[in-house]
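Descriptive structure summary
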Amino acid sequence: MSLGAEVSQALIVCVAAIFTQNILLAYFLGLCPFIGVSREIKAAFGLGLAVIFVLTCTVLLNWLAYHYVLVPLGLEFFRFILFIIIIAAFVQFVEMVVERYSPFLYQQLGVFLPLITVNCAIMGASLFMVIRDYSFIVTIGYGLGSGVGWFLAIMAMAGIRQRLATDRIPRGLQGPGITLIIAGLMAMAFIGFSGVLQGR
Amino acid sequence: MIASTLISVLIVSTIGAGLASLLVVSEHLIANYGQCRIRINEDRELTVQGGKDLLSMLTAEKIFIPSACGGRATCGMCKVKVLDGAGPLLPTEEPYLSKQERESNVRLSCQVKVRNDLRILIPQELLSIREYTCRCERIVDLTHDIKLFRLTLVEPATMDYIPGHYVQLRTPKYGKSREEVYRAYSIASDPTEKDIIELIIRLVPGGICTTYCFEHLKEGDAVTINGPYGDFRLSDTDAPMIFIAGGSGMAPMRCILHHMKNTGNPRKVIYFFGANKVKEMFMVDEMRRFESELADFRFVAVIANPDPGEAWEGETGLVTQAVQKSFQEASDYEAYLCGSPGMIDASIKVLRDLGIAEQSIFFDKFA
């Protein structure tokens, strides 16, 4: 495939990962921080940005590790362990550096890094990248798109939940209950996007 | 096969070890904040190696701040006041702090990093949670299956607690019981006797701890407890109060009544205490003494099923029926309940019907 074709392929994958194949709303990955940190727009914004950054970087790192270490050695089945180790180490390292050298950035984004070390969206994206056999350039688009998709979903949820704070919700549904129902409705809305693409 | 398995394991371990050592080295170079001092409540100072979060530093120093989520900013329980050195409020903390808390420097200790000297305030009651060794001074039979255990604190020699608090009693290995267990019992003693803890314990058939207390524990034996814990306590309003208890639920009520007497608390109290038979009623004389010593206290002993031969002049029936009989409505009252889950649930229903708001009903349920 020529470079141009790869780039356009990457763009398509990126848009698909944001809308039709949204990692949160279509695959329901990364739900715990999605529910835990979507109470305020400000926190959701920071966490969303951190997810975009970590997801993009770790998918690329894992692509390199997979194609240049695991495949030549015939150890593809070790990817689960290796990906987790790489994600954890990367997140810890970035947190340390940011905390030391940029207090402002740490306050805005860094505090969220430990929360997403074990976010399954991050791991899920790395595994999908292998299953779908993306090239390096396409993987860039995929990582970025998945992160942006997650970011959009949590921002939308935080916006809705800020309004819910003043609404009267039946007691049994307060908190995570109503959040999950809203997530389901949002997921249905996002399915609408795939209808748009298919109808073209 | 074995060789290739070993080699693959080795390779992955090497990668893991490489990344881990990278982290260790960078932690040493980048995240090295040197020695930091944490000043607690202006009277105690810890010197720690900076870089970690405050919660885990305090835990390492055996100061236990309650935390349910393990430091991931999702439970919001590990609040402490940080007067100096915490830096600006983090977005992870904001959802858990009210406006007043933010203004008074309350922070989530799991999110505050120790990177410089800190000054913090921790509620005294959290600092005093610890293990106490005691001697069992006296064991008094109250009924056929309820005993009072009077413990003298040995080390530390006194305990500061709030009336209504409970302690956990350690049951050592004995007989068929192969492991140590801890059970919670409310403190029943007079809070002015700071070196004494009295517990009122009912024998639970087959219960590990109560069987130990009833059959193995002797006067003079050493006993280990830890605490104090709990949030069952008198409110600081001056609303009149209804107490409802049954069996060993007497314990926190007795402690609270002692406290009211000691502090000259003038609040009105009506105390409904239920037992099944006349021979299962206890401490009536002591409660009658409180009636003359407290400003406005009435003790209503209620027997559910008196035997035909038993002489009983007081109330009969369920304790909840006695409450219903005594009040038309009680919306300005607060209620304090201690007893079995069944009794508490039934009481809450009756109290709600009498117009008492849910947030004015406090209870300590036997689990």
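The sections below set out a description of the structure shown in this document. (Residues numbered from 1 in each chain as written. Chains lettered and ligands numbered in written order. Predicted model: local features only at pLDDT ≥ 70, side-chain atom pairs only at ≥ 80, totals over all residues.)

So, on to the overall build of chain B. Counting secondary structure elements, chain B contains nine helices and 17 strands. Counting over 367 residues, chain B shows a buried share of 33%. Taking all contacts inside chain B whose residues are at least 6 apart in sequence as the whole, residues at least 24 apart take part in 68%. (Helix = DSSP H or I, 4+ residues; strand = E, 2+ residues; numbered from the N terminus. Buried ≥ 20, exposed ≤ 12 C-beta atoms within 10 Å, placed from the backbone. Contact = placed C-beta atoms within 7 Å.)

We now examine the packing of helix 8 (residues 319-326) of chain B against helix 9 (residues 341-353) of chain B. All names here are of chain B. Where helix 8 meets helix 9, the closest approach of the two axes is 9 Å, and the angle between their N-to-C directions is 15°. The orientation of helix 8 with respect to helix 9, classified from their angle, is roughly parallel. Of the two elements, helix 8 crosses helix 9, and the hand of that crossing is right-handed. Counting all contacts with helix 8, which are made through Val319, Thr320, Val323 and Gln324, the residues of helix 9 involved are Met343, Ala346, Ser347 and Val350. Within the contact of helix 8 with helix 9, the residues separate by chemical class into five nonpolar, three polar and no charged. (Axes fitted to C-alpha atoms, helices over the stretch in contact; angles between N-to-C directions. Parallel < 35°, antiparallel > 145°, perpendicular 65-115°, else oblique. Left-handed = near helix turned anticlockwise from the far one by under 90°. Nonpolar A, V, L, I, M, F, W, Y, C, P; charged D, E, K, R; others polar.)

Turning our attention to the packing of helix 3 (residues 41-73) of chain A against helix 4 (residues 79-101) of chain A. Residue and element names in this part refer to chain A. Viewed as axis vectors pointing N to C, helix 3 and helix 4 meet at an angle of 135°, and their least axial separation amounts to 10 Å. Relative to helix 4, the element helix 3 lies oblique. The crossing of helix 3 and helix 4 is right-handed. For the pair helix 3 and helix 4, the contacting residues are Val54, Cys57, Thr58, Leu61, Asn62, Ala65, Tyr66 and Leu70 in the first and Arg79, Leu82, Phe83, Ile86, Ile87, Phe90 and Val91 in the second. Considered class by class, the residues forming the contact of helix 3 with helix 4 number twelve nonpolar, two polar and one charged.

Moving on, we get to helix 6 (residues 250-263) of chain B. Residue and element names in this part refer to chain B. Taking 1.5 Å as the rise per residue, helix 6 with 14 residues should run 20 Å; its terminal C-alpha atoms sit 20 Å apart, in good agreement. For helix 6, the buried fraction is high: ten of the 14 residues fall into the buried class. Taken together, the buried positions of helix 6 are Met250, Ala251, Pro252, Met253, Arg254, Cys255, Ile256, Leu257, His258 and Met260. (Expected span 1.5 Å × (residues − 1).)

A few words on the interface of chain B and chain A. Between chain B and chain A, the residue contacts involve 21 residues of the former and 24 residues of the latter. Considering only residue class, the side of chain B that touches chain A consists of twelve nonpolar, six polar and three charged.

Strand pairing in a sheet takes place through backbone hydrogen bonds and is either antiparallel or parallel in direction. All names here are of chain B. With parallel pairing, the six strands of this open sheet are ordered in space as 15-14-13-12-16-17. Lying at the two open borders of the sheet, with one neighbouring strand each, are strand 15 (315-316) and strand 17 (361-365). Summarising the sheet, strand 16 (residues 334-339) and strand 17 pair through five bridges and their orientation is parallel. Of the residues in strand 17, the one forming a bridge with Leu337 is Phe363. This element, helix 7 (residues 284-293), spans strand 13 (268-275) and strand 14 (296-303) of the sheet and lies at about 155° to strand 14. (Pairing = 2+ DSSP bridges.)

Attention now goes to the environment of Lys79 of chain B. Along the chain, Lys79 of chain B turns up in strand 3 (residues 79-84). Distance from Lys79 of chain B to Cys110 of chain B, taken between C-alpha atoms, is 8.5 Å for residues 31 residues apart in sequence.

With that settled, the discussion passes to the sheet that holds strand 7 (residues 146-155) of chain B. Residues and elements named next belong to chain B. Read across the open sheet, the six strands follow the order 9-8-11-6-7-10; overall the sheet is antiparallel. Each edge of the open sheet carries a strand with a single partner, namely strand 9 (181-186) and strand 10 (196-202). Taking each pair of neighbouring strands and ignoring which way they run, the sheet shows an average axis angle of 40°. The pairing of strand 7 with strand 10 spans seven bridges and is antiparallel. When the sheet's bridge partners are listed, Lys147 is paired in strand 10 with Ile201. Most of the contacts of helix 5 (residues 208-216) go to strand 8 (residues 166-171), to which it runs at about 75°, and overall it touches strand 7, strand 8, strand 9 and strand 10.

Read these as spatial facts, not as claims about activity.
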